[in-house]
Amino acid sequence: GAGVSQTPSNKVTEKGKYVELRCDPISGHTALYWYRQSLGQGPEFLIYFQGTGAADDSGLPNDRFFAVRPEGSVSTLKIQRTERGDSAVYLCASSLTWDSADTQYFGPGTRLTVL
Amino acid sequence: AQSVTQLDSQVPVFEEAPVELRCNYSSSVSVYLFWYVQYPNQGLQLLLKYLSGSTLVKGINGFEAEFNKSQTSFHLRKPSVHISDTAEYFCAVMKKTSYDKVIFGPGTSLSVIP
């Protein structure tokens, strides 16, 4: 079956612009996660959704970052007033439930470059 | 809070040789442990995970890892590597609760030399 998909695969924007990154989880997965991976580092947790609500947004670096999942499936990560330091690969993952033991399945990521 | 250390940032190894990628973690509570692999320009893929029971865990592609609670380690091993194993490998930890965020290590880049 289809895995986690993310669009666009690459996004180049200018400093100060607004961007939206989209994640389509595996059908039927109730939990959805966003991570950010900077060059040469491991993924860093941003936010977790259980259904439609953000159950844990403690990883969002500041209030320029926001994410939604209005119907409990597709999620959008929104970044306002982008800065060069936001450049990274943004990864989305989904799991069947929110149990820690459940495997998280990752998408290929969106590479964001802020000029 | 949990943390993960991967002692080697880069590991070159000849094809068909054995390899061990080291991972140590820090946690005050019981944890689940994971190894993920990231091939060039691809997403992360789960290699194996330790939840409970036998401390030797077997995963995909011939990899295995051993959980050592006293040494707080979860080293990844493969007896004979192939060119196709060239990738970035991430060790990760998560608290044993109904939910917790995954904490990843910085990664080890495995390069298999023909």
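Residues numbered from 1 in each chain as written. Chains lettered and ligands numbered in written order. Predicted model: local features only at pLDDT ≥ 70, side-chain atom pairs only at ≥ 80, totals over all residues. Heavy atoms only, no water.

Let us now look at the overall build of chain A. Secondary structure assignment for chain A yields zero helices and 11 strands. Along chain A, from the amino end to the carboxyl end, the secondary structure elements read β-β-β-β-β-β-β-β-β-β-β. Rg of the C-alpha trace for chain A: 13 Å, near the compact-globule value of 13 Å for 115 residues, within the 12% margin. The dimensions of chain A, computed from C-alpha atoms along their principal axes, are 35 × 25 × 25 Å. Expressed as a percentage of its 115 residues, the buried residues of chain A come to 46%. Partitioning the contacts of chain A with sequence separation of at least 6, the portion at a separation of at least 24 is 55%. Accessible surface for chain A amounts to roughly 5400 Å². Of this, 48% is attributable to carbon and sulfur atoms. (Helix = DSSP H or I, 4+ residues; strand = E, 2+ residues; numbered from the N terminus. Rg over C-alpha atoms; globule rule 2.2 N^0.38 Å. Buried < 20%, exposed > 50% of the residue type's maximum accessible area, 1.4 Å probe, protein only. Contact = heavy atoms within 4.5 Å. Areas by Shrake-Rupley, 256 points an atom, 1.4 Å probe, with all protein chains shown as cover.)

Residue and element names in this part refer to chain B. Along the chain, the position of Thr108 falls in strand S12 (residues 108-113). At 3.3 Å, the side chain of Thr108 forms a polar contact with the side chain of Gln6. From its side chain, Thr108 meets the backbone oxygen of Asp8 in a polar contact 2.6 Å long. (Polar contact = N/O pair within 3.5 Å; in protein donor to acceptor, adjacent residues only side chain to side chain.)

On to the packing of aromatic side chains. The full count for this structure, using the stated rule, is 13 aromatic pairs over all chains. Note on Tyr35 of chain A and Phe45 of chain A: the rings are 6.2 Å apart at their centroids and 75° apart in plane angle, and the pair reads as edge-to-face. Here Tyr35 of chain A is found in strand S4 (residues 31-37), whereas its partner Phe45 of chain A is found in strand S5 (residues 44-50), with 10 residues between them in sequence. The exposure classification of Tyr35 of chain A matches that of Phe45 of chain A, with both residues buried. Taking 6.5 Å as the distance between ring centres and 90° as the angle between the ring planes, the aromatic pair formed by Phe90 of chain B and Phe104 of chain B counts as edge-to-face. You can see Phe90 of chain B sitting in strand S10 (residues 87-95) and its partner Phe104 of chain B sitting in strand S11 (residues 103-104), a full 14 residues away along the chain. For Phe104 of chain B, a relative accessible area of 9% corresponds to the buried category. (Phe/Tyr/Trp six-rings, centres within 6.5 Å; stacked < 30°, edge-to-face > 60°.)

Evaluated as defined, the whole model comprises two disulfides over all chains. Linked covalently through their sulfurs, Cys23 of chain A and Cys92 of chain A form a disulfide whose S-S length is 1.8 Å. The chirality of the disulfide connecting Cys23 of chain A with Cys92 of chain A is left-handed, given an S-S dihedral of about -65°. You can see Cys23 of chain A sitting in strand S3 (residues 19-24) and its partner Cys92 of chain A sitting in strand S9 (residues 88-95), a full 69 residues away along the chain. Both residues of the pair, Cys23 of chain A and Cys92 of chain A, count as buried. For Cys23 of chain B, the disulfide goes to Cys91 of chain B, at an S-S distance of 2.0 Å. Between Cys23 of chain B and Cys91 of chain B, the S-S dihedral sits near -65°, and the bridge is therefore left-handed. With Cys23 of chain B in the loop between strand S3 (19-21) and strand S4 (24-26) and Cys91 of chain B in strand S10, this pair connects stretches of sequence that are 68 residues apart. Given the relative accessible area of 0%, Cys23 of chain B is considered buried. (Disulfide = S-S within 2.5 Å.)

Mapped onto the fold, Tyr32 of chain B is located in strand S5 (residues 31-38). Note on Tyr32 of chain B: relative accessible area 14%, which makes it buried. For the pair formed by Tyr32 of chain B and Lys95 of chain B, sequence separation is 63 residues and the distance between their alpha carbons is 6.1 Å. If we skip the residues at most four places from it in the chain, Tyr32 of chain B touches Ser100 and Ala101 of chain A together with Tyr50, Leu51, Ala92, Val93, Met94, Lys95 and Lys96 of chain B.

Turning to the pairing of strand S8 (residues 75-79) of chain A, a few remarks are in order. Residues and elements named next belong to chain A. With four of its five residues buried, S8 lies for the most part within the structure. Summarising the sheet, S3 and S8 pair through five bridges and their orientation is antiparallel. Considered in S8, the bridge of Cys23 is made with Ser75. Between strand S7 (residues 65-68) and the antiparallel strand that follows it, S8, lie six residues; Gly72 among them carries a positive phi value of about 75°. (Pairing = 2+ DSSP bridges.)

Our focus in this paragraph is the side chain of Gln2 of chain B. All names here are of chain B. Examined against the element boundaries, Gln2 turns out to sit in the segment before strand S1 (3-5). A polar contact of 3.5 Å, which involves the side chain of Gln2, links it to the side chain of Ser27. If we skip the residues at most four places from it in the chain, Gln2 touches Ser26, Ser27, Val29, Val31, Val93, Lys95, Asp100 and Ile103.

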